[in-house]
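Results of the structural survey
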There are 2 protein chains.
Amino acid sequence: MKLRISGKVYDFEQGVTLNEVIKKLKLDSSAILVAKVNGVLVDLYTKLNSDADVEFFTFSDEIGKKVFWHSSAHLLAYAVKEIYKDVQLGIGPAIDEGFYYDFYGLKIDDNGLKKIEDKMYELAAKSLGFDRQEISVEEAKKMFSSEKFKLELLDEISSPSIYKTGAFVDLCKGPHIPSTSMIRAIKLLRISGAYWKGDSKREVMTRIYGISFPSKKELEVYLKDLREREKHDHKLVGKELDLFMMSDLMPGTPIFLPDGAIVYNQLLNFARELDVQHGYHEVITPFIAKSLFWEISGHLEKYKKNMFRVTPFEKEEEEYVLKPMNCPFHILIFKSETRSYKDLPYRISEFGIVHRYELEGTLDGLLRTRVLQQNDAHVFVSEDQIEEECSDMIDMVSTVYKTFNLQAVFALATRPPERIGSDELWDKAESALKNVLEKRGIEYKLKEGDGAFYGPKIDVYVKDYAGRFDPTYAASTIQLDFNLPLRFDVKYIGKDNAEHTPIMIHRAIMGSIGRFMGILLSNTAGELPIWLAPTQVVILPISDKYSDYAARILKSFAGKGIRAKIDSNSTLERRIRAAQMKKIPYMVIVGEKEVEKGKISVRLRSGETVHDVDMKEFETSVLKDIEERNFTASFHNQ
Amino acid sequence: MKLRISGKVYDFEQGVTLNEVIKKLKLDSSAILVAKVNGVLVDLYTKLNSDADVEFFTFSDEIGKKVFWHSSAHLLAYAVKEIYKDVQLGIGPAIDEGFYYDFYGLKIDDNGLKKIEDKMYELAAKSLGFDRQEISVEEAKKMFSSEKFKLELLDEISSPSIYKTGAFVDLCKGPHIPSTSMIRAIKLLRISGAYWKGDSKREVMTRIYGISFPSKKELEVYLKDLREREKHDHKLVGKELDLFMMSDLMPGTPIFLPDGAIVYNQLLNFARELDVQHGYHEVITPFIAKSLFWEISGHLEKYKKNMFRVTPFEKEEEEYVLKPMNCPFHILIFKSETRSYKDLPYRISEFGIVHRYELEGTLDGLLRTRVLQQNDAHVFVSEDQIEEECSDMIDMVSTVYKTFNLQAVFALATRPPERIGSDELWDKAESALKNVLEKRGIEYKLKEGDGAFYGPKIDVYVKDYAGRFDPTYAASTIQLDFNLPLRFDVKYIGKDNAEHTPIMIHRAIMGSIGRFMGILLSNTAGELPIWLAPTQVVILPISDKYSDYAARILKSFAGKGIRAKIDSNSTLERRIRAAQMKKIPYMVIVGEKEVEKGKISVRLRSGETVHDVDMKEFETSVLKDIEERNFTASFHNQ
């Protein structure tokens with residue numbers, strides 16, 4: 001009998017088990033978890049009776065991991081059943097990260113997870129196998145007569161199999177790992193409620209999530225990474241800091257709470273100032289326009305699946321579109337007057353709020369929404385102005401990334417096979433964009449053929465908190481467009497007194513304000529620079545005796561436009577913890593010493609406390625950071 | 001035969017004419033234009049043959065005016081036919097202000113209107129009558145055989161009448177005034193194109209608009225008033241100052257051009273600052289939410305005809321609503337945490353952009369739109385906080401009206417017959433609102449029974465440029481609402497540790513930003529206070545020799561955030577006129593003298609020029625006005 005393993009062919013006798021093969025070939029039996037025989041996943045004690053292709057999997061393979069975690073789920077259920085006898089079993093699959101098991105009737109106290117985890121370790125150490133048995137539906141029903149959820153599952157299975165691990169039996173297709181002893185590191189992560197079969201009319205199960213590894217070391221690394229990820233999860237940060245909320249009644253369109261609106265508006269003001277500095281003319285254009293307008297623009301032809309139709313409820317024959325982009329309006333504005341070469345580059349900017357239909361499953365907090373307030377602009381240029389204008393845009397990108405301490409990854413996308421515009425124009429445009437990047441010594445990814453049909457573009461991505469390139473973090477874009485000006489018959493009068501078609505540059509420096517805020521919350525883990533912090537200073541009087549002094553300090557801050565407040569509820573320790581949770585840049589602590597000396601104590605976000613601080617000096621430092629929009633606080637760093 | 005005239009009954013012989021009656025009763029024959037006999041409007045030479053009720057009308061009656069203007073339209077057509085023999089006649093009715101007549105084949109030069117006007121005066125002086133004759137359709141068709149439009153009209157008339165005035169005959173139902181000599185003042189106002197029968201597939205007629213009066217004096221008053229109205233027409237001002245534009249492709253949703261967006265954003269910033277000063281928490285809520293949300297809120301039941309349905313083009317089964325109001329979102333935010341009496345009043349503000357479907361015919365520039373960015377807020381209060389909170393809102397109203405030099409008209413609307421809430425609560429709420437107004441000595445209109453079913457309200461209107469109360473100028477509103485908190489089950493924990501339902505106050509201080517801008521453009525005739533002016537200073541170098549000096553001045557202004565620019569095209573005179581047209585607050589004129597002395601000359605909007613001005617002093621004064629948002633310029637007023 002011939003077995004093909006890792007490209008080689010070996011001779012084995014019929015009836016050999018996979019475990020025996022592993023032993024014979026001196027493969028690492030402590031690492032191999034499961035195998036595929038002719039593409040079918042099986043337990044390692046499976047006997048082979050004819051020629052076959054064999055593949056082995058360890059924990060470093062995705063398949064091995066899933067089997068490992070599924071076996072861990074059995075171990076979890078075993079442990080729960082040992083402790084909570086009357087619990088009914090649901091199901092327990094592996095998931096992307098770890099596994100869960102659903103239980104019915106499980107009442108668990110604060111120590112419950114720890115107790116279960118301990119039991120799992122205890123059982124794992126017994127080196128138990130996962131023994132498969134194929135049985136009839138009747139036998140299975142008898143066996144699971146006290147498990148109503150298993151009985152329900154059995155109604156849909158024609159040839160059930162069960163797995164035994166010590167005293168535990170589960171209805172399961174398998175396969176499993178050879179022994180519980182391979183599960184050397186376990187962490188039960190959390191409990192949540194879940195409807196049986198995901199049906200909101202059915203029983204609410206108690207779902208326990210866990211993760212497991214072949215070694216303690218791997219678990220440690222995982223937990224550390226998990227903590228980092230949670231710290232940088234913009235949705236968790238947003239919740240912790242009360243910045244925004246979502247509702248099922250309005251998917252993909254966040255509600256910015258008071259503190260979130262402060263951050264949002266600060267970002268918007270910053271972008272607006274930058275636009276003014278760079279000679280942009282801000283405009284405000286409508287949200288809805290008749291469908292005809294979007295036929296002319298071509299959006300209804302090319303972009304319909306992302307667009308929303310708008311009709312008056314009681315005048316359905318009138319059809320409008322909720323704008324997915326601002327460009328056609330800006331073209332209308334450019335065309336509203338006769339423009340000459342002296343008007344170019346003509347820069348129109350708008351914090352236009354656009355809506356785009358995205359599938360509900362793809363939505364992700366502020367990072368992927370159905371509403372975007374873009375940091376949008378359209379610049380009309382002549383061919384020979386492309387390079388200088390794009391260079392100015394890259395200046396803006398640099399300013400923004402520096403301000404927020406972000407690392408950029410640049411990508412240049414060039415002509416695709418299907419395109420409009422002459423090769424000469426594409427040559428000119430592409431080399432202009434290349435020049436802009438190369439003259440500054442900016443490294444970039446070249447994405448050949450990845451440009452839009454209407455022109456080449458530069459996309460800018462932000463590296464994530466760990467310095468990783470993350471394609472979901474696209475922030476800025478600079479796109480040349482040869483098409484729309486033609487489509488709308490846009491002209492300007494050149495030096496030669498003849499009509500010319502300008503080139504249009506679509507540009508979004510901060511992308512969309514909401515998404516940029518999401519990126520920032522993630523990268524900073526909520527430790528926003530002081531100019532963005534909703535509360536910039538919290539004043540903590542040590543006791544009520546110092547509330548007058550605290551009030552005077554508050555008044556001084558408020559008079560200077562510093563967003564400060566007093567917290568005098570609960571113990572000092574709790575108030576400090578609350579301020580830490582909210583990532584408030586400074587705590588000003590005042591007690592007897594401070595009142596006596598007429599000074600303040602300042603506790604930094606780092607945990608360090610600076611005593612005997614002069615109020616004026618502190619205010620000056622804070623105001624400087626706010627005005628200059630410094631990313632790093634200058635107080636006590638000077 | 002008995003005639004009842006002005007309540008008295010007179011005896012007359014059968015066959016007497018109305019003119020004879022006027023003579024006999026010594027009524028003012030120079031003023032009476034036309035009469036109604038038993039409710040039917042007739043010429044004064046009409047004979048009476050039986051008992052009747054008779055009413056006479058002069059130019060001071062709406063009916064008299066219309067007949068006067070209709071007769072003037074005949075005079076216009078007569079004059080045109082005298083000068084342009086080959087022209088074909090359309091129709092010539094009286095309108096709300098004056099009259100028009102449509103002509104086909106009329107080519108008119110610059111002096112044309114004047115020539116026609118002169119001819120009208122000449123014909124009017126001949127004291128011609130308007131003689132009625134009833135004829136058959138065949139006779140009429142013969143008579144108008146060369147007038148194709150009249151022939152077309154005759155196809156729809158069974159018993160035609162004609163009126164002869166001198167050599168002019170028109171097909172007309174009448175009646176008319178006794179003599180052309182009564183038309184003593186005539187002004188032809190403008191020419192426009194108009195489709196025959198308003199049908200875009202038919203001939204384009206030349207329509208001449210005019211107005212006429214029984215005296216020169218009345219015409220003078222009218223023309224003066226017309227000029228004032230045009231000066232204060234916010235749509236004309238918006239066009240002249242390039243502030244906004246409208247498009248048929250997006251009815252009711254204005255496009256704010258660069259200069260308009262500056263004004264708009266300044267107004268918005270002002271409102272935002274005021275909200276912050278008064279303790280409001282700004283939030284940002286979605287534009288679209290699922291229909292279910294609007295069912296819960298009750299809007300789909302009560303407000304549907306003003307609402308827009310939103311559906312993804314390619315997922316029609318998903319139904320959303322484009323928000324017509326922000327309130328339900330703010331309730332969601334209030335409800336997102338447990339609130340206690342310590343949190344009240346809880347003030348949520350939003351510059352929420354809402355859409356409301358209004359019929360196209362009712363739209364009016366910025367004053368009546370389909371999109372509103374409201375200066376919106378919702379305040380949650382306990383019953384005993386109503387008065388103080390509303391008082392604070394009236395403070396805000398006062399600040400706003402003072403800032404913009406507007407006169408307010410207050411109206412208090414009280415309980416309607418159908419309402420929710422106990423009489424006790426209504427008593428409390430109404431007397432709170434009354435107290436707020438009366439304690440300040442504010443006069444108000446009492447609109448009994450005009451409150452909403454959910455609570456009483458104070459509406460504030462702005463007087464127009466002439467100090468007239470104009471109900472289309474509603475600007476601010478303060479509305480108590482007992483209903484929505486119940487509907488959404490909103491609660492707060494009281495001092496008694498029990499749950500209570502708060503009262504909600506809807507409030508919009510500046511109404512909507514766009515509409516407020518419209519009111520302001522109208523009231524100021526575009527002469528905006530300097531902090532709102534898109535261009536605050538224009539620098540006019542007398543010749544190119546002084547452009548360096550001008551550039552230095554510009555740099556100084558720009559460095560201080562003053563919106564300035566240099567205009568160096570064309571003659572000084574033309575540039576001054578251009579700056580006047582744009583209502584730019586200051587022109588800084590620089591020439592030899594200014595350069596020599598290191599000073600500037602400043603020309604004010606009034607036309608006055610101040611010489612030897614120190615640049616620093618001027619800047620200081622301008623900056624002061626900008627910072628303090630002064631309505632009246634302090635420069636040269638000190």
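All chains use their own residue numbering, which begins from 1 and follows the written sequence. As a convention, the first chain written is A and the first ligand written is 1, with the rest following in written order. For a predicted model such as this one, the threshold for reporting local features is a pLDDT of at least 70, and the threshold for listing and counting side-chain atom pairs is 80 or more; totals across whole chains, interfaces and linings nevertheless cover every residue. Neither water nor hydrogens contribute to the side-chain values; these are computed over all heavy atoms in the structure.

Observations concerning the relation of the copies chain A and chain B
Rule in force here: We place the copies in one frame by least squares, fitting the C-alpha atoms of every residue whose pLDDT is at least 70 in both. Residue contacts follow a heavy-atom distance rule, with two residues in contact if any of their heavy atoms lie within 4.5 Å.
In the superposition of chain A on chain B (RMSD 0.6 Å, axial shift 0.4 Å), the rotation amounts to 179 degrees. Such a combination of rotation and displacement between the chain copies is what one expects of a two-fold axis. The rotation axis passes nearest to the C-alpha of Val310 of chain A in chain A, at a distance of 2.2 Å. Counting the interface residues of chain A, we find that 100% of their copies in chain B are interface residues as well, pointing to one common contact surface.

Considerations on the nonpolar core
Keep this limit in mind: As used in this record, nonpolar core signifies buried Ala, Val, Leu, Ile, Met, Phe, Trp, Tyr and Cys residues forming a set joined through side-chain atoms within 4.5 Å. With a 1.4 Å probe rolled over the protein chains alone, any residue whose accessible area is under 20% of its type maximum counts as buried; one over 50% counts as exposed, and the rest are partly exposed.
Ranked by size, the top nonpolar core spans 62 residues in total, and within it Leu267, Val400, Phe404, Ile458, Met510 and Met517 of chain A carry the most contacts. If we skip the residues at most four places from it in the chain, Phe404 of chain A touches Leu267, Phe270, Met510, Phe516, Leu520, Trp531, Leu532 and Phe631 of chain A.

So, the packing of aromatic side chains
All names here are of chain A. Spelled out, the test is: In summary, the pairing rule links any two rings of Phe, Tyr or Trp, Trp by its six-membered ring, whose centres are within 6.5 Å, and it sorts them by plane angle into stacked for under 30 degrees, edge-to-face for over 60 and tilted for everything else. Whether a charge lies above a ring is judged from NZ of Lys or CZ of Arg, which has to be within 6 Å of the ring centre and within 35 degrees of the ring normal.
Across all of its chains, the model carries 63 aromatic pairs over all chains by this definition. Centre to centre, the rings of Phe453 and Tyr454 are 5.3 Å apart; their planes meet at 80 degrees, and the pair counts as edge-to-face. On the accessibility criterion, Phe453 (28% relative accessible area) is partly exposed. The ring centre of Tyr209 lies 4.0 Å from the NZ or CZ of Arg190, which sits over that ring. Residue placement shows Arg207 over the ring face of Tyr100; its charged tip is 3.8 Å from the ring centre.

Observations regarding the domain arrangement of chain A
For clarity, the threshold we go by: Domain ranges listed in this record stem from an automatic or a database domain assignment.
Once the domains are mapped, chain A shows domain 1 (2-58), domain 2 (65-231), domain 3 (257-285 + 340-524) and domain 4 (537-627). Relative placement of domain 1 of chain A and domain 4 of chain A: their C-alpha centres are 68 Å apart.

A few points about helix 11 (residues 327-335) of chain B
Threshold: Only DSSP runs of H or I covering at least 4 residues are called helices, and only runs of E covering at least 2 are called strands; the numbering of each starts at the N terminus.
Counting buried positions along helix 11 of chain B gives eight out of nine residues, so the element sits mostly inside the fold. All buried positions along helix 11 of chain B are accounted for by Cys327, Pro328, Phe329, His330, Ile331, Leu332, Ile333 and Phe334 of chain B.

A look at helix 15 (residues 513-524) of chain B
Residues and elements named next belong to chain B. In plain terms, the rule: By definition here, a helix of n residues has an expected span of 1.5 Å times n minus one.
Look at helix 15: 16 Å from first C-alpha to last across 12 residues, which is about the 16 Å you get at 1.5 Å a residue. Of all 12 residues in helix 15, 12 are buried; the element is thus mostly enclosed. Among the residues making up helix 15, those that are buried are Ile513, Gly514, Arg515, Phe516, Met517, Gly518, Ile519, Leu520, Leu521, Ser522, Asn523 and Thr524. Positioned one or two residues after helix 15, Ala525 has a phi angle of 55 degrees, which is positive.

Quick look at the sheet that holds strand 13 (residues 168-171) of chain B
Residues and elements named next belong to chain B. Counted only if it meets this: Any two strands with at least two DSSP bridges between them are considered paired. Working convention: axes come from line fits to C-alpha atoms, limited for helices to the stretch in contact. Angles between N-to-C directions cover 0 to 180 degrees.
If you trace the three strands from one edge of the open sheet to the other, you get 11-12-13, paired in antiparallel fashion. Edge strands, defined here as strands with exactly one partner in the open sheet, are strand 11 (131-134) and strand 13. Going from strand to strand, the sheet's axes swing by 25 degrees on average, the running direction of each strand aside. Relative to strand 12 (residues 161-165), strand 11 is paired through four bridges, and the arrangement is antiparallel. Paired with Asp131 across the two strands is Lys164, which belongs to strand 12. The strands touched by helix 2 (residues 62-83) within the sheet are strand 12 and strand 13, with strand 13 carrying the most contacts at an inclination of about 130 degrees.

Details of the pairing of strand 32 (residues 537-541) of chain B
All names here are of chain B. The buried count for strand 32 comes to five of five residues, which makes it a mostly enclosed element. Burial of the side chains of strand 32 extends over both faces: Val537, Ile539 and Pro541 are buried on one face and Val538 and Leu540 on the other. Pairing analysis gives three bridges linking strand 32 to strand 33 (residues 564-566), with the strands arranged parallel. When the sheet's bridge partners are listed, Val538 is paired in strand 33 with Lys565. Of the strand pairs in this sheet, strand 32 and strand 34 (residues 586-590) are connected by five bridges, and their pairing is parallel. For Leu540, the partnering residue across the bridge sits in strand 34 and is Ile589.

As for the interface of chain A and chain B
Keep this limit in mind: Take the accessible area each of two parts loses on contact, using a 1.4 Å probe, and add the two losses: that sum is the buried area. Between Lys or Arg on one side and Asp or Glu on the other, a salt bridge is scored when a side-chain nitrogen of the former is within 4 Å of a carboxyl oxygen of the latter. Gly is put with the polar residues, along with every residue not named as nonpolar or charged; the nonpolar set is Ala, Val, Leu, Ile, Met, Phe, Trp, Tyr, Cys and Pro, and the charged set is Asp, Glu, Lys and Arg.
On the side of chain B, 58 residues touch chain A, which itself brings 58 residues to the contact. Between chain A and chain B, a total of about 5000 Å² is buried, with carbon and sulfur atoms accounting for 68% of that surface. Our count for the contact surface shared by chain A and chain B stands at two salt bridges. Class assignment of the residues belonging to the side of chain A that touches chain B gives a composition of 35 nonpolar, seven polar and 16 charged. In the sheet, strand 20 (residues 308-312) of chain A pairs with strand 20 (residues 308-312) of chain B via five bridges, with the strands oriented antiparallel. Of the residues in strand 20 of chain B, the one forming a bridge with Pro312 of chain A is Phe308 of chain B.

Focus on unusual backbone geometry
Residue Pro345 of chain A is bonded to the preceding Leu344 of chain A through a cis peptide linkage, with omega at -10 degrees. Along the chain, Pro345 of chain A falls in the loop between helix 11 (327-335) and strand 22 (346-350). A positive phi angle, close to 60 degrees, is found at Lys197 of chain B, a residue other than glycine. Among the secondary structure elements, Lys197 of chain B is positioned in the loop between strand 14 (185-195) and strand 15 (204-213). Backbone geometry places Asp242 of chain B, a non-glycine residue, at a positive phi of 55 degrees. Looking at where Asp242 of chain B falls in the secondary structure, it is placed in the loop between helix 7 (234-240) and strand 16 (244-245). Asp242 of chain B sits in the partly exposed class, given a relative accessible area of 29%.

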